[in-house]
Amino acid sequence: MSDPLGNHQTMHTPLVAWIADYPEQLMITCVSVKNSPISLATSEQFGDVTAQPPQAVTACDPRNIASFHKVCLTKHLNGIVEPFWAIWGDACPSCFLTPEALHQWHKFYFDHCVCWVSNIIGAALQPRVGTRHWANGVSTLKQCTGREHHELEKLLPTVAAGALPDDMLCALHAITEFIFLAQGLFHYDETLHSLNEALREFHHYKSSILRAGGCLGKNGPLDHFQIPKLELAQHVSRSIRLMDAPYQWSSDITERCHITHVKMPYCLSNCQDYHVQCCRFLDRQEKQHLFRLFTTLKCSTSPLFFEMVTWWLKYKQSYNLSATLLPRL
């Protein structure tokens, strides 16, 4: 890369974080299915109160097929010999695979917590001014946005109060509190303590969900919590101490880019040879934005700082980053 003086320098970038959902994390860590990508936990241990130790690098000669196969079975590996991160400095999957808010928390809440409640009380949400309402119920929702997930997480414990057993309501309240605490922009020892206590409280009352018949599978009621995302929640506190607030690693931005950088340009194309047309559209859009920025600064003689603030406020609803970036500018 070129430095400010124009000289070319050799750069060695560290692998700080890799944003991925659970299936992608399994492929990155070369771990087989129904196992944790960042710890030694198996599917039978996903619902345990205590967290399992992080994954460690295993040395074995792959040319010795019998020994290599035995190690893969013991460590629950899929047999990949040279993962891409093996020679990437001190990269460790248990560190750079950070918690991902959209899939690990919001999707978990919608796929499991909402189902636990609906299996017991069904849909019971009346229209009310100032409150989000789903006329056809929440069970028919597909491809929810982050805003819908947030609204549902705020409403569900209130709606379920009085219709669920007290112990199950405590479990629902605890996991909701854990998700909201984990999304904080700043974390201290007190907040991490509250985070761990909320998760511990959920595990204390989670058996009431099974007794109430909230966990249902294809063949009837379930008697376990073999949920990978529930096991990943055990490592949120450790990741915060290593990598700071996990909400900065959310895939909300990349998911939003699917709309602004893929779907919208595709809809404006003729649907034939659309790769070139989409790239040309994005290139022209960027040039127009830079031209507007230059003319604005040139005509108003305003500092660049105020233009940056205006730009972030404009996209506040889409990217939800202004609350994080503006106080630090």
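Residues numbered from 1 in each chain as written. Predicted model: local features only at pLDDT ≥ 70, side-chain atom pairs only at ≥ 80, totals over all residues. Heavy atoms only, no water.

Engineer: Hey, could you run me through the packing of aromatic side chains in this one?
Structural biologist: The description of two aromatic rings rests on the distance between their centres and on the angle between their planes. Within the structure shown, the criterion is met by 8 aromatic pairs. Ring geometry for Phe202 and Phe225: centres 6.5 Å apart, planes at 80°, overall edge-to-face. Residue Phe202 is located in helix α7 (residues 189-205), and its partner Phe225 is located in the loop between β2 (220-221) and α9 (228-232); the two are separated by 23 residues in the primary sequence. The class of Phe225 is buried, set by a relative accessible area of 7%. (Phe/Tyr/Trp six-rings, centres within 6.5 Å; stacked < 30°, edge-to-face > 60°. Helix = DSSP H or I, 4+ residues; strand = E, 2+ residues; numbered from the N terminus. Buried < 20%, exposed > 50% of the residue type's maximum accessible area, 1.4 Å probe, protein only.)

Engineer: Even after reading the chapter, I still don't get the confidence of the model for the chain, so can you show me in this structure?
Structural biologist: In low-pLDDT segments, the atomic positions of the prediction should not be examined closely. With 84% of its residues at a pLDDT of at least 70, the chain reaches an overall mean of 82. Of all helices and strands in the chain, the one with the weakest mean pLDDT is helix α15 (residues 322-325) (40), whereas α7 scores best (94). Confidence over residues 317-329 falls short of pLDDT 50; this stretch has 22 contacts with residues more than four positions distant or in other chains. (pLDDT = per-residue confidence, 0-100. Contact = heavy atoms within 4.5 Å.)

Engineer: Would you mind showing me how to read the pattern of salt bridges here?
Structural biologist: Pairing is possible between side chains that carry opposite charge, provided their charged atoms lie close to one another. Following the criterion strictly, the structure yields 5 salt bridges and no others. Note that Asp167 and Arg211 form a salt bridge whose closest N and O atoms lie 3.8 Å from each other. Residue Asp167 is located in helix α6 (residues 166-182), and its partner Arg211 is located in helix α8 (residues 207-211); the two are separated by 44 residues in the primary sequence. For the salt bridge of Asp283 with Lys287, the shortest nitrogen-to-oxygen distance reads 3.4 Å. One end of the pair, Asp283, and the other, Lys287, are both in helix α12 (residues 274-300), 4 residues apart, so they sit about a helical turn from each other. Residue class for Lys287 comes out exposed when judged on its relative accessible area of 53%. (Salt bridge = Lys/Arg side-chain N within 4 Å of Asp/Glu carboxyl O.)

Engineer: How do you make sense of the environment of Ile175 when you look at a structure like this?
Structural biologist: Of note, Ile175 is situated in helix α6. A relative accessible area of 2% means that Ile175 is categorised as buried. Between the alpha carbons of Ile175 and Arg200 there is a distance of 9.3 Å; along the sequence they are 25 residues apart. Apart from residues no more than four positions distant in its own chain, Ile175 is found in contact with Phe108, Tyr109, Cys113, Leu199 and Phe202.

Engineer: Sorry, what's going on with the environment of Met168 here?
Structural biologist: Along the chain, Met168 turns up in helix α6. Given the relative accessible area of 2%, Met168 is considered buried. With 40 residues separating them in the primary sequence, Met168 and Ser208 have C-alpha atoms 5.2 Å apart. If sequence neighbours within four positions are ignored, Met168 has contacts with Trp116, Val117, Ile120, Ser208, Ile209 and Ala212.

Engineer: Sorry, what's going on with unusual backbone geometry here?
Structural biologist: Note on backbone geometry: most residues besides glycine have negative phi, and most peptide bonds are trans. Backbone geometry at His76 places phi at a positive 60°, although glycine is not the residue there. By secondary structure assignment, the location of His76 is in the loop between α2 (65-75) and α3 (93-96). On the basis of relative accessible area, His76 is assigned to the partly exposed category, the value being 29%. We note that Asp273 has phi near 55°; this positive angle belongs to a residue other than glycine.

Engineer: Can you walk me through the side chain of Asp21 in this structure?
Structural biologist: If you trace the backbone, Asp21 turns up in the segment before α1 (22-29). As a buried residue without a salt bridge, Asp21 has its nearest oppositely charged side chain in Lys229, at a separation of 7.6 Å. Of the polar contacts made by the side chain of Asp21, one reaches the backbone nitrogen of Glu24; its length is 3.2 Å. (Lys, Arg positive; Asp, Glu negative; His and termini not counted. Polar contact = N/O pair within 3.5 Å; in protein donor to acceptor, adjacent residues only side chain to side chain.)

Engineer: Help me understand the nonpolar core, please; the structure alone is not making it clear to me.
Structural biologist: The nonpolar side chains of soluble globular proteins are, as a tendency, buried together. Residues Tyr109, Trp116, Leu172, Ile175, Phe178, Phe202 and Ile209 are the most contacted members of the largest nonpolar core, which totals 35 residues. Elements represented by at least two residues in this core include exactly α4 (101-121), α5 (146-160), α6, α7 and α10 (236-243). Of all the elements, α4 adds the most residues to this core, at 9 residues. Counting residues in each nonpolar core, the second largest holds 14 residues, with Leu15, Val31, Ala41 and Leu97 among its members. (Core = buried A, V, L, I, M, F, W, Y, C linked by side-chain atoms within 4.5 Å.)

Engineer: Please explain the packing of α7 against α10 as it appears in this structure.
Structural biologist: Any two packed helices are characterised by the angle at which their axes cross and by the distance between the axes. Running from N to C, α7 and α10 cross one another at 160°; their axes reach a closest spacing of 10 Å. When the axis of α7 is compared with that of α10, the two are roughly antiparallel. Every pair of crossing elements has a handedness; the one defined by α7 and α10 is right-handed. Every residue of α10 that contacts α7 at Asp189, Leu192, Leu195 and Asn196 is listed here: Val236, Ser237, Ile240 and Arg241. Here the residues of the contact of α7 with α10 are counted per class, giving 4 nonpolar, 2 polar and 2 charged. (Axes fitted to C-alpha atoms, helices over the stretch in contact; angles between N-to-C directions. Parallel < 35°, antiparallel > 145°, perpendicular 65-115°, else oblique. Left-handed = near helix turned anticlockwise from the far one by under 90°. Nonpolar A, V, L, I, M, F, W, Y, C, P; charged D, E, K, R; others polar.)

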